[in-house]
Amino acid sequence: MKLRQVSDWSDFVRGRCLRELLEQGGPGEAPSRLLASPDRQHLLLLWNQPASHARVVAFQRLGADGADLERSWQPPQPPVVGLLFLESPATAVPWVLTIIWEHGKTELWRFVPAVGWHLLQSLELCHGARARVVSICSWGAQLVWCEERPPLDAQLTPERRAFRYCICTRRLQIGEQGAQLSPLRIVLHNSPVYRVLASPSGVFLLPTPATFQGVAKFVLIWRPENADIIIAAPSKGCICTKALLPGSEVDFKKLLLGCVGLLANMDPLDIHSCVLSGRRGLLLVSTAGAVELVQPDGVWRPIFDFGGSALAPGEQVQLKVFGDTLACFFGGALYLVDLGSRQLIEKKVLSTEEVLFLDFHAEEEEVQLLGPNGIYSLDFSGTDREEPTLVEMVFEEACKYYQRRSLSSSQLTVEKLKKGDMFQAPIALSSILCYSLASKDKRPRALPEPYAKLLGTMQLELQSYQKLEFLKLCVVGASESEVESYGEALVEQELGRLLHLDLNKENLAYLNAIFSSFPGASWKAIQNHLQLQQNGDGVLVARATPDVWKKILGGSVPGLSKQEEGPLNGMVPLFELVCLLLHQFKPKWLPQFVGLSQEYLGASWTYGNKEGPEGAVPLYKRALAVLPRRSRGSLADGEMEIELLLCSQRPKAILQAMDLLIQHGRWQRVMEAAEKFSMLSPLLNKEIFTILLRECSQHRDLDPYLDKLWELCPANLSASDILSILQQYLPPTELDPPPFLPGGSSQLTVGLLKPLLHRLAQGPPGQDEIYAVLQSPTFPPPTPPRQKKGTPKAAAQEELTPFQNHTHHSLREVV
């Protein structure tokens, strides 16, 4: 990177005066703002510091003849708070200069060729005489500003005085002869003081040092196109979104009601400097040197870190974004950071400390710096910006790789890795990558022979890498209609690449991000890699390779401590990710997929093997964990839970599913499951039969299925066993039962049990004397004799009719 001088002030009409203004004065008297006009023919300088003479001066290049512009004011007049270029498309000159003072006075200046600058119109933004403009910006044709409205009551507490601001907006229509302001609209009232910054996607409301510390913990984003306000905070992203009704305004205090508890545990924002980055959003630099990007949707992204000791207290930092690069100047050095790869491109120490970034009306593809001797532009000719970044990334990945396999407790750094050429692998890889990815005219003549052989081996992988990187660039620059198709191809390639790598903590976190950002594309990619499809019988089949199965069903994640292995530090393992996609897009396939996974697992691992998935946790339990808890009680998720339990083929899970079916009263499904799974083992058969016999003793819902139920009776059960089971679950006997059972009674009678007892009676002779009761010609037995004296229970039974005694005691005596 070199600094190339593009102007020495000789191309300006009053170049010598401009040089003198920049050279004279001591520290703190430099211009507070430098602004170039949209046509780059005018350079405006604003002096607004208390130590300097407050004024705005415009200098035009040679060829732009006309009257000059110089506006100055004395301390009684409030300072200038805004210097904006506003579009005026319906006029000969498509822009006007807008100067806004603190008390709301606004002047519109237009430059007319051969005439010069002339005042187009003066306007008043604020309605009240006590109002004060704190910060202002333009979003399209709208002026947006933070306005202070001092209260009439001077006895207010500091907390109440801190919320005397509001965010206002007015549309400004500029014509050939003048301008017209629309009625004032308040977007946010009862607000703390904010600095307003406009990007193409919305307006950022940034806390200032004067903002009340209790609420200086987040950034507000007003998106006029979406008609909403977003609360965004670091490490949390978008906390909440408030929709705006047409013509309505939002109370700041009510806006925070839904997230007061969350904000109470947050620290105030640490903001040293900021700069807009086009449609990307807002870049913030903390006092610790960390650079973060706040996107228009509220997402916070770390970009770069200059180090904890990079910024001295009170040090001035200048920021400028051009293209995909962030330029940052402080401490006499210029830093260039790639916003895409988040890597430092270059650091250059400048000879002069009095350097200011030249501010353009729109984001440019180059950065220009202004010094006392002229204007300089950054020249990248003859330098390869990709090579240092690529080499650095290779060595950083090598550090992580070697550190995981090192027995030493010392931290391995890139400097140690490069020192003495001890590690040849990253050196070879970086050389090969730089050679193969460079353009043909910039390539070295030839690679060393060992590297050339490696290049031949890696050729296909490098081609895939280049295609993948090209596809990523296409996704970034694609239109909304193209994003879906590009996204599917990108997810397909990324998933294929990750399935051939170790699923460590970083790769698994990346995989989670892909699945959450592109669920539809991830589902299609999983179908392709597992080759999931239904055959002609409607049965799910998967023709995945053993390596793919092992990745999906694999065990613990490398790089996690024992304390983190349980919850995987908030990440979801790959098997659970696949189950989530199945539950979202093909819920009927989920139980069959779990069954297929169990079949492969049984052929590959044992549950006690440490190589198995997640420390021997059954797969059906892992699949159950992905069901949304909030809808676990719904019919669909209840059915899914039952199917997952049944597909496990495990006795405890099957019995649990039987209990769920019984709770839902799905008796036909209960009997189907009983007939299917009773054949798995005699012990499971006995458990299922006992459960259903218990249900028969308590209600009559199973009566239509008694014939099928009796066929499930285990061969080793005797009649006495049956009656012993029934005795445990029969309801207590009424002291004074009615002569006839009421309709819909749930009591079990001997008549219902008779087919089962007959079936058991066909067993070997002498198996049990109870069969004599059934084979007796006097069945049912006669009424037992009455007792003259006895317990109250016996006395109560003396009043029973012979028929009641017959029906009541026949079953009890058998039991």
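Here goes a summary of the coordinates provided. (Residues numbered from 1 in each chain as written. Predicted model: local features only at pLDDT ≥ 70, side-chain atom pairs only at ≥ 80, totals over all residues. Heavy atoms only, no water.)

Take unusual backbone geometry next. For Trp9, which is not a glycine, the phi torsion comes out positive at approximately 75°. Looking at where Trp9 falls in the secondary structure, it is placed in the loop between strand E1 (2-7) and helix H1 (15-23). We note that Ser235 has phi near 65°; this positive angle belongs to a residue other than glycine. Looking at the element boundaries, Ser235 is found in the loop between strand E18 (228-233) and strand E19 (237-243). (Helix = DSSP H or I, 4+ residues; strand = E, 2+ residues; numbered from the N terminus.)

In this section: the packing of aromatic side chains. In total, this model carries 17 aromatic pairs according to the counting rule given. Aromatic side chains Phe85 and Trp95 sit 5.3 Å apart centroid to centroid with 80° between the ring planes, which places their arrangement in the edge-to-face category. Of this pair, Phe85 sits in strand E6 (residues 80-87) while Trp95 sits in strand E7 (residues 95-101); the two residues are 10 residues apart in sequence, bridging distant segments of the chain. Among the residues examined, Trp95 registers a relative accessible area of 6% and is labelled buried. Ring centres of Phe575 and Phe593 lie 5.9 Å apart, and the angle between their planes is 20°; this geometry places the pair in the stacked category. With Phe575 in helix H13 (residues 574-585) and Phe593 in helix H14 (residues 589-604), the pair connects residues that are 18 residues apart, well separated along the chain. No difference in accessibility class separates Phe575 from Phe593, as the two residues are buried. Its end group placed over the ring of Trp47, Arg55 keeps NZ or CZ at 4.2 Å from the ring centre. (Phe/Tyr/Trp six-rings, centres within 6.5 Å; stacked < 30°, edge-to-face > 60°. Buried < 20%, exposed > 50% of the residue type's maximum accessible area, 1.4 Å probe, protein only. Lys NZ or Arg CZ within 6 Å of the ring centre and 35° of its normal.)

The next subject is the sheet that holds E6. Read across the sheet, four strands follow the order E6-E7-E8-E9 without closing on themselves; strand pairing throughout is antiparallel. Each having just a single partner strand, E6 and strand E9 (116-124) make up the two edges of the open sheet. Strand after strand, the sheet turns through a mean of 25° between neighbouring axes, direction not considered. Here seven bridges tie E6 to E7, and the two strands are oriented antiparallel to one another. (Pairing = 2+ DSSP bridges. Axes fitted to C-alpha atoms, helices over the stretch in contact; angles between N-to-C directions.)

The contact between helix H19 (residues 682-698) and helix H21 (residues 719-729) brings their axes to 9 Å, and the two run at 55°. Relative to H21, the element H19 lies oblique. Where H19 crosses over H21, the two elements pack in a sense that is right-handed. Contact with H19, carried on its side by Phe689, Thr690, Leu693, Arg694, Ser697 and Gln698, involves Ile722, Ile725, Leu726 and Tyr729 of H21 and no other residues of that element. A per-class count over the contact of H19 with H21 returns six nonpolar, three polar and one charged. (Parallel < 35°, antiparallel > 145°, perpendicular 65-115°, else oblique. Left-handed = near helix turned anticlockwise from the far one by under 90°. Contact = heavy atoms within 4.5 Å. Nonpolar A, V, L, I, M, F, W, Y, C, P; charged D, E, K, R; others polar.)

Strand order in the open sheet formed by four strands is E1-E31-E30-E29, and the pairing between neighbours is antiparallel. Taken across any chain shown, the strands that pair with only one partner, and hence form the sheet edges, are E1 and strand E29 (356-357). The pairing of E29 with strand E30 (residues 368-371) spans two bridges and is classified as antiparallel. Across the sheet, the residue bridging to Leu356 is Leu370, located in E30.

For Ser135, the location among the structural elements is in strand E10 (residues 132-139). What makes Ser135 buried here is its relative accessible area of 10%. In this structure the side chain of Ser135 is engaged in a polar contact, spanning 3.1 Å, whose partner is the backbone nitrogen of Val196. Those residues within four positions of Ser135 in sequence are excluded, and the remaining contacts are Val144, Trp145, Cys146, Tyr194, Arg195 and Val196. (Polar contact = N/O pair within 3.5 Å; in protein donor to acceptor, adjacent residues only side chain to side chain.)

Right, let's talk about the pairing of strand E14 (residues 185-191) for a bit. Relative to E14, strand E12 (residues 165-174) is paired through four bridges, and the arrangement is antiparallel. Note on E14: the bridge partner recorded for Tyr165 is Ser191. Bridging between E14 and strand E20 (residues 250-251) involves two bridges; their strand directions are parallel. Residue pairing across strands places His189 opposite Asp251, the latter belonging to E20.

A few words on the packing of helix H17 (residues 651-663) against helix H18 (residues 667-677). Closest axis-to-axis distance for the H17/H18 pair is 9 Å, and the angle between their directions is 160°. By the angle class used here, H17 and H18 are roughly antiparallel. The crossing of H17 and H18 is left-handed. Every residue of H18 that contacts H17 at Ile654, Met658, Leu661 and Ile662 is listed here: Trp667, Arg669, Val670, Ala673, Ala674 and Phe677. Grouping the constituent residues of the contact of H17 with H18 by class yields nine nonpolar, no polar and one charged.

What follows covers the pairing of strand E23 (residues 290-294). When strand E22 (residues 282-285) meets E23, the two strands line up antiparallel, connected through four bridges. Of the residues in E23, the one forming a bridge with Leu282 is Val294. Remark: four residues form the turn of the hairpin made by E22 and E23, two consecutive strands paired antiparallel; Gly289 in that turn has positive phi of roughly 95°. Of the pairings in the sheet, the one linking E23 to strand E24 (residues 300-305) comprises five bridges and is antiparallel in character. Within E24, the residue paired with Val294 across the bridge is Trp300.

For helix H22 (residues 750-761), built from 12 residues, the straight-helix expectation of 16 Å at 1.5 Å per residue is missed by more than 12%, its first-to-last C-alpha distance being only 14 Å. Of all the residues in H22, the buried ones are Val750, Leu753, Leu756, Leu757, Leu760 and Ala761. The arc that holds the buried residues of H22, viewed along the axis, is 145°, so those residues lie on one side. (Expected span 1.5 Å × (residues − 1). Arc of directions from axis to C-beta.)

Judged by nonpolar contacts, the single largest core of 85 residues is most densely connected at Phe593 and Phe689. Of all the elements, H17 adds the most residues to this core, at eight residues. The contacts of Phe689, once residues within four sequence positions are left out, are Leu709, Trp710, Leu712, Cys713, Pro714, Leu717, Ile722 and Leu756. One finds Cys137, Trp222, Ile239 and Leu263 within the second-largest nonpolar core, a separate group that totals 32 residues. (Core = buried A, V, L, I, M, F, W, Y, C linked by side-chain atoms within 4.5 Å.)

Inspection of the secondary structure assignment puts Leu119 in strand E9. As a C-alpha pair, Leu119 and Trp109 span 10 residues in sequence and 4.6 Å in three-dimensional space. When residues no more than four places from it in sequence are discounted, the contact partners of Leu119 are Glu107, Leu108 and Trp109.

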